[in-house]
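Letter by letter, the chains look like this.
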Amino acid sequence: VGELTYQTINGTTNEFKKWPVYMFSFLLIVCNAVQVATLQTALARYSALLIVPIFQVQLTLLAIVNGGLYFSEFKDWDNKTEIAWFGVGIAGCVSGIVVLATRSLDTSPPVVMSAEDVPLVNQGSNLMSNLS
């Protein structure tokens, strides 16, 4: 959708005369809403230390695949070394999330602090009482 808008603004073509633009725009909004709802549900059920790395790796892998398909980057890979290093990069990304996701998370209850525990809050209240 961004590329189509860019082409329209630059005057290359008016992409908004074509129906797929509206379909992609609608799908972008729906997919974004589903993604945010799913992320919020996961964060409500599990620790952010588990969910955020998984979400980030998923986003990275999808961006790599979408960019490779959209810009036809994969068709120029004649060299087996390029393919191997791409595989190493993907494996590194996936192994990183496995390490982050399988470590033991701290299950102790969260520390609750009161206003008296925070020095700046106490100083601010003392300043306000001195002014009156």
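Residues numbered from 1 in each chain as written. Predicted model: local features only at pLDDT ≥ 70, side-chain atom pairs only at ≥ 80, totals over all residues. Heavy atoms only, no water.

Q: Looking at this structure, I do not really get the packing of helix H3 (residues 48-70) against helix H4 (residues 80-102). What am I missing?
A: Two numbers describe a pair of packed helices, the interaxial angle and the distance between the axes. Two elements in contact, H3 and H4, have axes whose closest approach is 9 Å; the angle formed by their N-to-C orientations is 165°. Comparing their axes, H4 and H3 come out roughly antiparallel. Judged by the sense of rotation from one axis to the other, the crossing of H3 with H4 is left-handed. For the pair formed by H3 and H4, the contact residues are Leu50, Pro53, Ile54, Val57, Thr60, Leu61 and Ile64 on the first element and Phe86, Ile90, Cys93, Val94, Ile97, Leu100 and Ala101 on the second. When grouped by side-chain class, the residues that make up the contact of H3 with H4 number 13 nonpolar, one polar and no charged. (Axes fitted to C-alpha atoms, helices over the stretch in contact; angles between N-to-C directions. Helix = DSSP H or I, 4+ residues; strand = E, 2+ residues; numbered from the N terminus. Parallel < 35°, antiparallel > 145°, perpendicular 65-115°, else oblique. Left-handed = near helix turned anticlockwise from the far one by under 90°. Contact = heavy atoms within 4.5 Å. Nonpolar A, V, L, I, M, F, W, Y, C, P; charged D, E, K, R; others polar.)

Q: In this structure, what is going on with the packing of helix H2 (residues 19-45) against H3? I would like to understand it.
A: Remark: H2 packs on H3, axes separated minimally by 9 Å, with the N-to-C direction vectors making an angle of 150°. Taken together, the axes of H2 and H3 are roughly antiparallel relative to one another. Listed contacts from H3 to Gln35, Leu39, Ala42 and Leu43 of H2 are Ala48, Ile51 and Phe55.

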